[in-house]
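# Topology and contacts: notes
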Amino acid sequence: MSKSRGIEYYFNRTTGESRWEPPTEEPRARTTKMRASHLLVKHAGSRKPSSWKEANITRTKQEATAAVEQFREQIASGQVQFADLAAKESDCSSARRGGDLGWFDRGQMQPAFEKAVLALKPGELSGPVESDSGVHIILRTG
Ligand SMILES: N=C(N)NCCC[C@H](NC(=O)[C@@H]1CCC/C1=C\[C@H](COP(=O)(O)O)NC(=O)[C@@H](N)Cc1ccccc1)C(N)=O
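The following paragraphs examine the structure supplied in this document. (Residues numbered from 1 in each chain as written. Predicted model: local features only at pLDDT ≥ 70, side-chain atom pairs only at ≥ 80, totals over all residues. Heavy atoms only, no water.)

### Concerning the overall build of the chain
Selection criterion: Each helix is a run of DSSP H or I of at least 4 residues and each strand a run of E of at least 2, with the numbering of both proceeding from the N terminus. We compute the radius of gyration over the C-alpha atoms and compare it with the globule rule, which gives 2.2 Å times the number of residues raised to the power 0.38. Only protein chains enter the calculation, and the probe is 1.4 Å; a residue is then buried if its accessible area is under 20% of its type maximum, exposed if over 50%, and partly exposed in between.
When its secondary structure is counted, the chain shows three helices and six strands. Secondary structure elements in the chain, listed N-terminal to C-terminal, are β-β-β-α-α-β-α-β-β. Its C-alpha atoms give the chain a radius of gyration of 21 Å, more than 25% over the compact-globule value 14 Å for 142 residues. Taken along its principal axes, the extent of the C-alpha atoms in the chain is 70 × 30 × 25 Å. For the chain, buried positions account for 37% of its 142 residues.

### Looking at helix α1 (residues 61-76)
Formally: To estimate how far a helix should reach, multiply one less than its number of residues by 1.5 Å. The contact rule is simple, with two residues in contact once any of their heavy atoms fall within 4.5 Å.
Over its 16 residues, α1 extends 22 Å from the first C-alpha to the last, a length consistent with the 22 Å expected when each residue adds 1.5 Å. For α1, the full list of buried residues reads A64, T65, V68, F71, Q74 and I75. Those residues of α1 hidden inside the fold are in contact with β3 (34-41), α2 (82-89) and β6 (134-140). With its phi angle positive at about 80 degrees, G78 sits one or two positions after the end of α1.

### What to know about the site of the ligand
The following threshold applies: A single heavy atom is enough: if one lies within 4 Å of a molecule or strand, its residue is considered near that molecule or strand. Under the rule applied, a polar contact is a pair of N or O atoms within 3.5 Å (in protein, one hydrogen donor and one hydrogen acceptor; residues adjacent in sequence only if both atoms are side-chain atoms). All accessible areas in this document rest on Shrake-Rupley with a 1.4 Å probe, and a residue is counted as covered only by the protein chains that are shown. Note that Gly is not counted as nonpolar here; it falls among the polar residues with everything else outside the nonpolar set of Ala, Val, Leu, Ile, Met, Phe, Trp, Tyr, Cys and Pro and the charged set of Asp, Glu, Lys and Arg.
In the vicinity of the ligand, 16 residues are found, and the nearest of them are K42, R47, Q108, Q110 and S133. Within the side chain of R47, one N or O atom sits 2.7 Å away from an oxygen atom of the ligand. Against a free-state accessible area of 740 Å², the protein chains account for coverage of 74% of the ligand. When grouped by side-chain class, the residues that make up the shell around the ligand number five nonpolar, seven polar and four charged.

And the structure:
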């Protein structure tokens, strides 16, 4: 509300600009490049139940979730570095890069995975995240 004129005005918190006219333009699609590392534990119901670690993955989703929770504990307690554990335990080919997926934009990863990354701040570790690939823990890095 403008004190001097007693009428409301519009303030854009992103650009810091203020104006009398209501905002009309569509919000510009910001390039939301994001970066994350993940540790994936696949299970019998994964879309591709095989990996560099195991040709035929038969564990149940419950077992995969329990494994991911245990790995998360080890990382969160500082017993092990994320990249070292992902390199050993992840069923994704990104294991060879310590789980690093590099930079990616919206629409590249499966929706559940992307949603989980967007809910994290850089440096934060997710809980178990389910996708068609299996059960992940995700460390957002950028
Ligand atoms: N950088 C990209 N754009 N690469 C394409 C991502 C495709 C995307 N993948 C996913 O959403 C999940 C979450 C992360 C990994 C992943 C799945 C699988 C493992 O699951 P599976 O497919 O056996 O079910 N790993 C990958 O894709 C790997 N290329 C990720 C990667 C590996 C090395 C370097 C960079 C990225 C999708 N839309 O399916």
